[in-house]
Amino acid sequence: MNTTKSNIYHRALTVFPEGSAYLERPRIGQLLEKALNYPYITVSAGLGFGKTQAVYAFLQSAGTPVVWVTLSARDNDCARFWDGFARTVETYSRKMASRMDAIGFPGTDELYAKAIAIPEEELPPNQKCVIVFDDFHMISDPSVLRFFKRIIQTPFPNINLVLITRADPALGTVSLLSKGLLANINEDDLRFTEDETAQYFRLLDISLSPESLANIHGDTAGWPFAISLIGRSLKKDPSNERNARTAMKLNIFQMIEEEVFSVAPEALQKLLVRLSLIDRFSSSLVSILAGDEALLGAMNKINSLIHYDIYLHTYMIHHLFLDYLRQKQGMLSEEEKQEAYSKAARWCDENDYKMDAISYYEKAGDYKAIIRIVYHFPIQVPSDQALRVLDIYARAPSEMLEAIVPYHLQHARLLMSIGRYDDAIAEINARIEKYSALPPCDFNNQVLCGAYEALGITSYLMLPLTDRCDFDAPLEKADYYYRLSPYPESGPVTSVSIDAWASKVGTARSGAMEEYIAVLSRAVPHAMNVLNGFMFGLDDLAQGELLFYKGDPKNAGKFFMQAVHKAEERSQYEIRNRALFYLMRIAAAQGDFSKIQDVLQKLGEQLEMREYLPRFATFDIVSAWYYSLIGQTGLAAKWLVGGAVQNEISSFNTDFGNCAKMRLYYADRRHHELLSLINSYEGRSTVLFGKLELRTLKAVCEYQIKDRAAAFASLREAYDMALSNALIMPFVEFGKDMRTLTAAMMREDGCGVPREWLEMINRKSATYAKRLSNIVFEYKRANNIDNDVQLSPREMEILRDLYNGLTRSEIAASHNLSVNTVKLVLNTVYAKLGADNVADVIRNALDLKLL
């Protein structure tokens with residue numbers, strides 16, 4: 001143990017001396033200065049990150065008394081550790097050191113109580129002191145570690161404890177971090193930035209182009225030690241930057257070979273090389289690949305190049321060490337490599353890293369496992385994932401894939417998912433023609449089942465573009481072949497590509513909706529039989545959706561509840577999610593705050609359903625819709641706030657996500673941005689409900705920016721879309737803004753929309769607005785948010801009269817007003833107080849102490 005007492009002052013933080021020159025790094029100084037506000041500080045990074053020099057130089061400039069203890073392997077002896085610690089403290093205070101000597105190592109509760117009393121009694125109250133334990137990773141003795149665990153549970157008001165280590169100390173520091181008692185400075189903080197790299201070479205008087213600097217920074221990932229090696233090489237030959245980078249790597253590889261790899265036992269060498277085969281280093285996966293706790297313990301000692309992050313429970317392996325290990329992969333047999341890939345694949349599969357699992361299964365040659373994973377993907381796969389799987393299938397032995405029945409369904413699905421519908425259909429028809437001509441057998445029947453199933457699903461998804469509602473026929477055919485030769489059950493297919501709507505109808509043709517629901521009702525029993533529950537409840541969802549849009553929430557709710565129960569029975573998560581989403585919208589239209597909370601609770605239950613891959617995304621989307629209704633857009637998920645949603649989520653929910661995003665924009669009154677988003681998106685919306693909602697949103701948005709002509713034109717177009725199917729809810733759900741727009745349009749001669757329809761929408765929108773105000777009011781009350789309601793003198797007078805039992809006619813007479821004026825004032829009061837009737841308005845006014 002070495003001892004140092006720092007009382008020398010330097011103005012700048014410095015790292016890595018080159019001769020007599022020092023590189024100033026004020027960024028690190030600022031981090032350390034901020035860290036001194038915490039009782040405990042850990043500085044954890046591997047070899048060559050300048051940990052010690054950074055802390056030492058900073059504390060010299062800080063002017064705070066420092067007790068610096070450099071630990072070694074010999075400090076794993078309790079008595080020696082305590083003696084060395086006492087001698088270091090002696091340079092600061094002989095009295096404190098003398099008391100430490102008298103106590104000895106505090107291995108008991110009684111001695112520990114005496115030890116911690118020393119700084120409390122001896123340090124002046126206003127005197128700050130920093131105690132640094134450098135190379136803390138050298139400590140492994142349980143008794144010494146137990147002493148440190150107890151110390152970090154006893155913060156001293158005038159002492160900062162700093163641990164400098166190559167590995168995060170296993171001392172319960174996670175709880176300290178969560179309590180705001182610990183500052184952690186890690187490798188990422190200590191890496192050179194590109195600017196610091198450039199500054200370093202200027203310090204050495206070496207001129208480099210921006211491209212060369214970028215190459216050096218990229219090769220080294222900001223590792224100060226590696227940058228220093230390149231600097232030394234360039235000092236000798238400034239003209240050969242490429243050779244300097246190569247020499248740096250060779251020097252580091254030689255160091256790794258001599259000091260780490262060659263001295264490791266063969267079992268540890270092979271474990272390290274196995275780790276170079278993979279990209280994820282979770283502690284549980286590394287343990288599986290190690291297969292031996294002792295081997296894992298030996299690996300943990302290589303903490304100059306391997307760092308365990310106790311917060312993320314993962315290993316951080318230096319990228320140059322991985323480069324070195326990849327050169328050693330030849331020491332593994334093909335069987336050993338495949339075994340490692342298989343273990344990594346199974347771990348990724350079990351932990352929902354599906355695309356990583358697929359990549360590792362390919363390297364292991366396990367195509368059945370890949371096909372099993374893809375079987376459970378959403379029917380319409382995100383395009384980037386579809387392309388990756390198609391590439392894997394293109395590299396695989398065709399005879400191996402052709403022998404696996406689900407492949408015959410999957411390949412067409414993947415083509416369809418990247419927009420190659422014609423190729424998908426051609427491939428399906430070719431399979432049907434080929435296998436129909438072959439003698440019947442279980443395999444051929446199963447392939448035909450998959451082909452007809454793919455044809456039915458493709459026809460279903462293409463319906464908005466083709467207006468051909470005949471997808472039930474191929475699904476019936478698939479069911480026929482399935483009953484002849486069932487293939488082994490692979491679990492339920494849980495993701496129907498519903499997107500924002502259960503309906504796939506793209507035309508406004510009268511009767512098209514009812515025709516779709518009839519075909520869907522015939523298709524669902526076949527689909528759920530072939531695909532183990534697939535689509536169960538979708539016909540109920542579609543029926544409820546149509547009734548909802550027609551303005552019949554009571555009957556719509558019955559179908560939605562049926563859809564929820566069926567979906568839960570057969571794990572159809574998307575159907576359950578959308579049915580609950582519509583139940584939330586019904587509750588909003590009814591002004592029922594408690595029912596909305598029940599729905600949100602049920603939606604939250606899906607977050608625990610790991611099989612439902614897009615569960616977090618769909619929960620965010622529905623929640624965002626709700627937050628837009630109650631004016632709390634700041635609570636919505638941040639990923640829904642930017643531009644148009646692409647394939648950021650693991651299901652094909654782009655329409656669903658964009659609908660929520662547009663609602664957030666509208667609630668925030670970002671009308672110009674919203675119109676730009678609508679214009680960029682309109683051509684992609686193919687489902688009638690989607691086109692109608694977009695056009696209605698566009699109309700109210702245009703009216704808000706005072707473009708009356710455009711708003712009236714958009715509303716006429718929306719009316720024309722809705723007329724043949726008597727759809728009204730897309731208008732009504734815009735509440736007071738739709739009421740204002742329809743009132744303005746009624747004043748316009750020859751507006752192109754029947755007055756009775758405008759009056760009906762105006763009336764229903766006003767009712768919706770009033771009930772939504774009640775939702776907002778109840779939300780604020782439930783969350784203790786101030787309901788800052790401001791009533792005008794006239795509104796207060798009429799509210800008091802209402803409270804005193806006067807009728808509207810009596811109120812009008814007493815104030816010399818018309819009855820219609822009283823009604824208008826009361827409607828405003830109802831809206832401000834979130835009330836739907838006289839009882840609600842009086843109760844809410846009393847709660848707010850307005851009466």
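Higher on the page you've got the structure.
Quick caveat, the model's predicted, so the values are computed rather than measured. (Residues numbered from 1 in each chain as written. Predicted model: local features only at pLDDT ≥ 70, side-chain atom pairs only at ≥ 80, totals over all residues. Heavy atoms only, no water.)

(A) Summary view of the pattern of salt bridges. Tallying each qualifying case throughout the model produces 41 salt bridges. For Arg395, the salt bridge identified is with Glu362, shortest N-O distance 2.8 Å. Taken together, the residues span a long stretch of sequence, with Arg395 in helix 20 (residues 383-395) and Glu362 in helix 18 (residues 354-364) at a distance of 33 residues. For Glu362, a relative accessible area of 18% puts it in the buried group. As a salt-bridge pair, Arg509 and Glu515 come within 3.5 Å of each other at their nearest N and O atoms. What you see here is one network of salt bridges that share partners, running through Asp83, Arg87, Glu90 and Asp101. (Salt bridge = Lys/Arg side-chain N within 4 Å of Asp/Glu carboxyl O. Helix = DSSP H or I, 4+ residues; strand = E, 2+ residues; numbered from the N terminus. Buried < 20%, exposed > 50% of the residue type's maximum accessible area, 1.4 Å probe, protein only.)

(B) Just the environment of Thr70, in detail. With respect to the helices and strands, Thr70 occurs in strand 5 (residues 66-70). Expressed as a C-alpha distance, the spacing of Thr70 and Thr52, which sit 18 residues apart in the sequence, is 9.8 Å. Among the polar contacts listed, one links the side chain of Thr70 to the side chain of Trp68, at a separation of 3.3 Å. (Polar contact = N/O pair within 3.5 Å; in protein donor to acceptor, adjacent residues only side chain to side chain.)

(C) Just a nonpolar patch on the surface, in detail. A cluster of nonpolar side chains, Tyr803, Leu846 and Leu851, forms an exposed patch at the surface whose accessible area comes to about 250 Å². Relative to the helices and strands, Tyr803 resides in helix 39 (residues 793-803). (Patch = residues over 30% accessible without salt bridge, like charges linked within 9 Å, V, L, I, M, F, W, Y side chains within 5 Å. Areas by Shrake-Rupley, 256 points an atom, 1.4 Å probe, with all protein chains shown as cover.)

(D) Representation of unusual backbone geometry within the structure. For Met535, which is not glycine, the phi dihedral falls at a positive 80 degrees. The phi dihedral of Lys706 is positive, around 70 degrees, even though this residue is not glycine. For Lys706, the position within the fold is in the loop between helix 34 (688-704) and helix 35 (708-723). Accessibility expressed as a relative area gives 71% for Lys706, which makes it exposed.

(E) The arrangement of the packing of aromatic side chains in detail. On inspection of all chains with the given rule, the structure shows 44 aromatic pairs. Between Trp347 and Tyr353, the aromatic rings sit 5.7 Å apart at their centres with planes inclined by 15 degrees, giving stacked as the arrangement. Under the relative-accessibility criterion, Trp347 is labelled buried at 7%. Taking 5.0 Å as the distance between ring centres and 70 degrees as the angle between the ring planes, the aromatic pair formed by Tyr719 and Trp757 counts as edge-to-face. Here Tyr719 is found in helix 35, whereas its partner Trp757 is found in helix 38 (residues 755-782), with 38 residues between them in sequence. Positioned over the ring face of Tyr112 is Arg150, at 4.3 Å from the centre of the ring. (Phe/Tyr/Trp six-rings, centres within 6.5 Å; stacked < 30°, edge-to-face > 60°. Lys NZ or Arg CZ within 6 Å of the ring centre and 35° of its normal.)

This is a description of form; function is not addressed.
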